Amino acid sequence: MTDNKILRELIYQLADDNFIHSYRGSEWLGLVPHIEEDVAYSSITQDTMGHAYMFYKLLEEMGEGNSDELAHARKPKDFRNAILLEEKNGTGTYLDNPDYDWAFTVVRNLFYNVYKETQLESLKQSSYEPLSITARKIETEQYYHLMHWKTWFMQLMQSTEEARTRMENAIRRVWKDFGGVISQGRYADEFSARKYIEPEEVLGQRCLDKLGELCKSVDFNLEGKPGMEKGNGRNGEHTEDLKQALETLSEVYFSDAEASSW
Amino acid sequence: MTVNTQDLQKEVWKSLDNVMDPEMEPVSIVELGMVEDVEVEGKNVNVTLLPTFSGCPALDMIKENVIDEVEQAIQKLDESLKVQVKFRYDPPWTTDRINESGREKLKTIGIAVPDPDQKRGDSWEVRCPYCDSVTVTMENIFGPTACRSILYCKSCRNPFEAMKPIA
């Protein structure tokens, strides 16, 4: 594979993670626990879509095609996001009996954001300069996102017995597929050999150390290694949940090209 | 007619000061520190802007307004002049780029600007834009737009907003 192709593989991982993560966040609009959270979470979601946009723009500049098309018109098997991030927020849909799981959302968002922080720190040193510039820009905003999810996590972990039970169940659930977030997929060795990003094991361990510390501070032990039970999204493996998400979020794009240019 | 580059640049900067942030009306993009560079290359004027927040939906509108304003100004001088606008992330936009008149104008619409020397992780030094009190509380780091937070003044009992410090 050419250097260029390998670099694009990495940027697809970054773009797709942020894109699908932002989409799942947007589904919470109007449904979160209280109105201040609605302001906060929708703002975070908007920032995150901006991060996805920046990565898709890098791909556009590399000749991969128009950024809107990259986001809306690819097949699920071409997506490189981690499976954990595509999972539905709960049962029902946004319009029909949404029964979303806030504990799962808080834990997923915190764990992903701890990884994202670690990833951005590494990308700032990337040998590909456009990537390091992008990481530097995103970091200024992501700092507030991480702070936000840490606050929720710490408070709910130390709240009522019911909250604690729900949070612990959510941690166990997220843990089963968090390995797919840390994974850099089948080209991991090539990424680090070209110094686009640090090796998977190094970044992964750094992230797990941070998460271990956070959990320990609220008397919870993360045991063993995180799993990848549903498969590795970095290699194009995905679930029905991604298909559903892409169908929903691309509906306008396919029905009215003019409207979607807004 | 040929216009000398310096005069042309001066004219462009002046016109850019007429481009307001659509979500903070009296404040221009120059005052916000969004204009990084104005270059003249032959008949082309290239304006480089720094986006404040990456997901800001006002960016496209700002770009169009810049094209309108600058075009009007430069074509008065020479009809064959053209303007191009591009966004760049390097250097990243930071709160300390907001200039003094920007700070003053933001205050008049109830938006405070934190201390320009603020570093990431520092506690915020924010004064109430109405009464200048420092006895304020943070209601929500996130606000009605990506770049703003919601605060409350315990002295004059007014809610207000502050630009989210970006360092």
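Our structure is the block above this text.
What you see is a predicted model, and the numbers here were worked out from it, not measured in a lab.

Draft legend 1. Region of interest: the overall build of chain B. For chain B, the count of helices and strands is three helices and nine strands. When the elements of chain B are put in sequence order from the N terminus, they spell out α-β-β-β-β-α-β-α-β-β-β-β. With the C-alpha coordinates aligned to their principal axes, the bounding extent of chain B is approximately 60 × 25 × 25 Å. Expressed as a percentage of the 167 residues in chain B, the buried residues total 45%. In chain B, the proportion of contacts linking residues at least 24 apart, taken out of those at least 6 apart, comes to 53%. Of the side chains in chain B, 19 bear a positive and 29 a negative charge, and the two mean positions are spaced by 3 Å.

Draft legend 2. View of the overall build of chain A. Counting its secondary structure elements, chain A contains 12 helices and two strands. Ordered by position in the sequence, the α and β elements of chain A form the string α-α-α-α-β-β-α-α-α-α-α-α-α-α. Its C-alpha radius of gyration of 18 Å places chain A within 12% of the 18 Å reference for a compact globule of 262 residues. By its C-alpha atoms, chain A is 55 × 45 × 35 Å across when sized along the principal axes. A total of 262 residues make up chain A; the buried ones form 55% of that total. Here the contacts in chain A between residues at least 6 apart in sequence split such that 77% fall between residues at least 24 apart. Accessible surface for chain A amounts to roughly 11700 Å². Of this, 49% is attributable to carbon and sulfur atoms.

Draft legend 3. Just a negative patch on the surface, in detail. Residues and elements named next belong to chain B. Taken together, the side chains of Asp 96, Asp 115, Asp 117, Asp 122 and Glu 125 make up a negatively charged region of the molecular surface. Tracing the sequence through the fold places Glu 125 in the loop between β6 (111–112) and β7 (136–140). On the accessibility criterion, Glu 125 (54% relative accessible area) is exposed.

Draft legend 4. Broad picture of the interface of chain B and chain A. In this assembly, 24 residues from chain B lie in contact with 22 residues from chain A. Summed over both sides, the interface of chain B with chain A buries roughly 2100 Å², with 61% coming from carbon and sulfur. For the pair chain B and chain A, the interface holds zero salt bridges. Connecting chain B to chain A are five residue pairs in polar contact (both at pLDDT 80 or more). Among the residues forming the side of chain B that touches chain A, the class breakdown is 14 nonpolar, six polar and four charged.

Draft legend 5. The arrangement of helix α1 (residues 3–26) of chain A in detail. The terminal C-alpha atoms of α1 of chain A lie 35 Å apart, and with 24 residues this matches the ideal 34 Å at 1.5 Å per residue to within 8%. The buried count for α1 of chain A comes to 20 of 24 residues, which makes it a mostly enclosed element.

Draft legend 6. Region of the structure containing the packing of helix α7 (residues 161–182) of chain A against helix α9 (residues 200–216) of chain A. Residues and elements named next belong to chain A. Across the interface, α7 lies against α9 with an axial gap of 10 Å and an inter-helix angle of 140 degrees. Relative to α9, the element α7 is oriented oblique. When you trace α7 past α9, the crossing you get is right-handed. Here α7 contributes Trp 175, Phe 178 and Ile 182 to the contact with α9, which in turn contributes Glu 200, Gly 204, Cys 207, Leu 208 and Leu 211. Tallied by class, residues from the contact of α7 with α9 come to six nonpolar, one polar and one charged.

Draft legend 7. The arrangement of the sheet that holds strand β3 (residues 35–41) of chain B in detail. All names here are of chain B. Spatially, β3-β4-β5 is the arrangement adopted by the three strands of the open sheet, whose pairing is mixed. Both edges of this open sheet fall to β3 and β5 (82–87), since each of them pairs with a single strand only. Between one strand axis and the next, the sheet turns through 20 degrees on average, direction left out of account. Where strand β4 (residues 44–49) lies against β5, six bridges are found, and the strand directions are parallel. Note on β5: the bridge partner recorded for Val 45 is Val 83. Contacts from helix α1 (residues 5–16) reach β3 and β4, with the element oriented near 145 degrees to β3. The sheet strands contacting helix α2 (residues 59–77) are β4 and β5, and the helix crosses β5 at an angle near 155 degrees.

Draft legend 8. Spotlight on the environment of Arg 166 of chain A. Counting through the fold element by element, Arg 166 of chain A comes out in helix α7. The spatial distance from the C-alpha of Arg 166 of chain A to the C-alpha of Arg 24 of chain A is 20 Å, given a sequence separation of 142 residues.

Draft legend 9. Region of the structure containing the pairing of β4 of chain B. Residues and elements named next belong to chain B. The element β4 is largely enclosed, with a buried count of five among its six residues. Here β3 runs beside β4; their pairing, made up of six bridges, is antiparallel. Looking across to β4, one finds that Val 40 is bridged to Val 45. Between the end of β3 and the start of β4, which pair antiparallel, lie two residues, with Gly 42 showing a positive phi angle near 60 degrees.

Draft legend 10. Structural detail: α7 of chain A. Compared with an ideal rise of 1.5 Å per residue, which puts 22 residues at 32 Å, α7 of chain A spans 31 Å between its outermost C-alpha atoms and is within 8% of the ideal. In α7 of chain A, a bend of some 45 degrees at Lys 176 of chain A exceeds every other bend along the element.

So, how was this worked out
- Residues numbered from 1 in each chain as written.
- Chains lettered and ligands numbered in written order.
- Predicted model: local features only at pLDDT ≥ 70, side-chain atom pairs only at ≥ 80, totals over all residues.
- Heavy atoms only, no water.
- Helix = DSSP H or I, 4+ residues; strand = E, 2+ residues; numbered from the N terminus.
- Buried < 20%, exposed > 50% of the residue type's maximum accessible area, 1.4 Å probe, protein only.
- Contact = heavy atoms within 4.5 Å.
- Lys, Arg positive; Asp, Glu negative; His and termini not counted.
- Charge placed at Lys NZ, Arg CZ, Asp CG, Glu CD.
- Rg over C-alpha atoms; globule rule 2.2 N^0.38 Å.
- Areas by Shrake-Rupley, 256 points an atom, 1.4 Å probe, with all protein chains shown as cover.
- Patch = residues over 30% accessible without salt bridge, like charges linked within 9 Å, V, L, I, M, F, W, Y side chains within 5 Å.
- Salt bridge = Lys/Arg side-chain N within 4 Å of Asp/Glu carboxyl O.
- Buried area = accessible area lost by both parts, 1.4 Å probe.
- Polar contact = N/O pair within 3.5 Å; in protein donor to acceptor, adjacent residues only side chain to side chain.
- Nonpolar A, V, L, I, M, F, W, Y, C, P; charged D, E, K, R; others polar.
- Expected span 1.5 Å × (residues − 1).
- Axes fitted to C-alpha atoms, helices over the stretch in contact; angles between N-to-C directions.
- Parallel < 35°, antiparallel > 145°, perpendicular 65-115°, else oblique.
- Left-handed = near helix turned anticlockwise from the far one by under 90°.
- Pairing = 2+ DSSP bridges.
- Bend = angle between axes of the 7 residues up to and from the residue.

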